[in-house]
Amino acid sequence: LGILLTVGRQVLIAGLAWWQYRRTRVREAAAPTPPAEAGGTWPRLSIIVPAYNEEVNAVRSLESLLRLDYPDFEVVFVDDGSRDATHALVAAAFAGHPQVRVLTKPNGAKASALNYGIARADREFMVCIDADTQLDPAALRHWMSHFDSPRVGAVAGNVKVGNERNLLTRWQAIEYITSQNFDRRAFELLGCITVVPGASGAFRREALRLAGGFTTDTLAEDCDLTIRLQRVGFAIGYAPRAVAVTEAPETVGMFLKQRFRWSFGIMQSFW
């Protein structure tokens, strides 16, 4: 019975995903265009990058963000009380840079760092990513093109694994492809996307304000926020061509710790 239910679910999700792809394939194949509500111009946006003990990746990640193909954006880097040299390295590398703002605060978890950066950004749209995430050069345009209605409060990106170094990370790469291209497409069709991933998500500033921003009530602040956005009346979209490449756990211990946090955090959110 368990096997039949599992196979049946996969067939249903695949069918819905195919239907959603058929509905949007023309739009996805075309070059992204500014949303209609923006009056034919690309809206201004802020990229919020929270970081804790990321001295190895932080500078390289910000340099890659500055190469993105988008006309008007700023990068707000928030050091969440790192114990290493993260803040010092980033501050020295981007001192005086017109597009980069480097902030620091006492340690308070990722949600508080995101809220800290959002409160100090002055753009209409926010893109929130992890410090170890690399974005496709056209990702911002694909994200913004999906905000074609005031009802759209957030748009999830397409997260892929970039460190396929062993069997565990290769399995996770397959899992990410399945969950992104099947589940999220199907859930968008049904209007029930449950998670705009913390590693790759774009938000309307007003929607964040009405939903109460990120909270520390759960271990899955991204799932918690996504559900609250829908409860206050906003739709959640999915931009499959807004690709973000992230680092997956490479050891069993790291993997189990991550999945416990995800599973328990999602249960907290639904509770």
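As the structure is a prediction and not an experimental result, all values here were calculated from the model.

Visitor: What's the story with the pairing of strand β4 (residues 125–128) in this structure? I'm lost.
Guide: Consecutive side chains along a regular strand alternate between the two faces of the sheet. Side chains F125 and V127 of β4 all project onto a buried face; the interleaved residues M126 and C128 project onto the opposite face, where all are buried too. Bridge count between strand β1 (residues 45–51) and β4: four bridges; the pairing is parallel. Considered in β4, the bridge of I48 is made with C128. Here β4 pairs with strand β7 (residues 201–204) via four bridges, running antiparallel. Along β7, the bridge assignment pairs M126 with F203.

Visitor: Explain the state of the cysteines to me, please; I cannot follow it from the model alone.
Guide: By definition, a disulfide is the covalent link that joins the sulfur atoms of two cysteine residues. Counted according to the given criterion, the structure contains zero disulfides. Sulfur of C128: no disulfide; nearest cysteine sulfur belongs to C223 and is 16 Å away. Since its relative accessible area comes to 2%, C128 is described here as buried. With no disulfide of its own, C192 has C223 as its nearest cysteine by sulfur position, at a separation of 12 Å. On the basis of relative accessible area, C192 is assigned to the partly exposed category, the value being 30%.

Visitor: How should the sheet that holds strand β2 (residues 73–80) be read in this particular structure?
Guide: Each strand in a sheet pairs with another by means of backbone hydrogen bonds, the pair being arranged parallel or else antiparallel. The strand order across the open sheet formed by eight strands is β3-β2-β1-β4-β7-β6-β8-β5, and the pairing between neighbours is mixed. With one partner strand each, in any of the chains shown, β3 (100–105) and β5 (134–135) form the two edges of the open sheet. Judged from the two bridges that link them, β5 and strand β8 (residues 235–246) form a sheet pairing that is antiparallel. Residue Q134 lies in a different strand from β8, and its bridge partner there is V245. In the packing of helix α6 (residues 167–190) onto the sheet, contacts are made with β6 (152–161) and β8, and the angle to β6 comes to roughly 155 degrees.

Visitor: Would you mind showing me how to read the packing of aromatic side chains here?
Guide: The way to describe two aromatic rings as a pair is by their centre distance and the angle between their planes. Under the criterion given, the structure shown has four aromatic pairs. On the numbers, 4.8 Å between centres and 55 degrees between planes, the contact of F125 with F147 is tilted. Residue F125 is found in strand β4, and its partner F147 is found in the loop between α5 (139–145) and β6; the two are separated by 22 residues along the sequence. One exposure class covers both F125 and F147, and it is buried. Judged by centre distance (5.7 Å) and plane angle (5 degrees), the rings of F260 and F264 are stacked. Remark: F264 and F260 occur in helix α9 (residues 252–270); sequence separation between them is four residues, near one turn of the helix. A relative accessible area of 55% places F260 in the exposed class. For F264, a relative accessible area of 36% puts it in the partly exposed group. Cation over ring: R120 sits above Y116, and NZ or CZ is 3.6 Å from the ring centre.

The rules behind each value
- Residues numbered from 1 in each chain as written.
- Predicted model: local features only at pLDDT ≥ 70, side-chain atom pairs only at ≥ 80, totals over all residues.
- Heavy atoms only, no water.
- Buried < 20%, exposed > 50% of the residue type's maximum accessible area, 1.4 Å probe, protein only.
- Helix = DSSP H or I, 4+ residues; strand = E, 2+ residues; numbered from the N terminus.
- Pairing = 2+ DSSP bridges.
- Disulfide = S-S within 2.5 Å.
- Contact = heavy atoms within 4.5 Å.
- Axes fitted to C-alpha atoms, helices over the stretch in contact; angles between N-to-C directions.
- Phe/Tyr/Trp six-rings, centres within 6.5 Å; stacked < 30°, edge-to-face > 60°.
- Lys NZ or Arg CZ within 6 Å of the ring centre and 35° of its normal.

Structural measurements only, silent on function.
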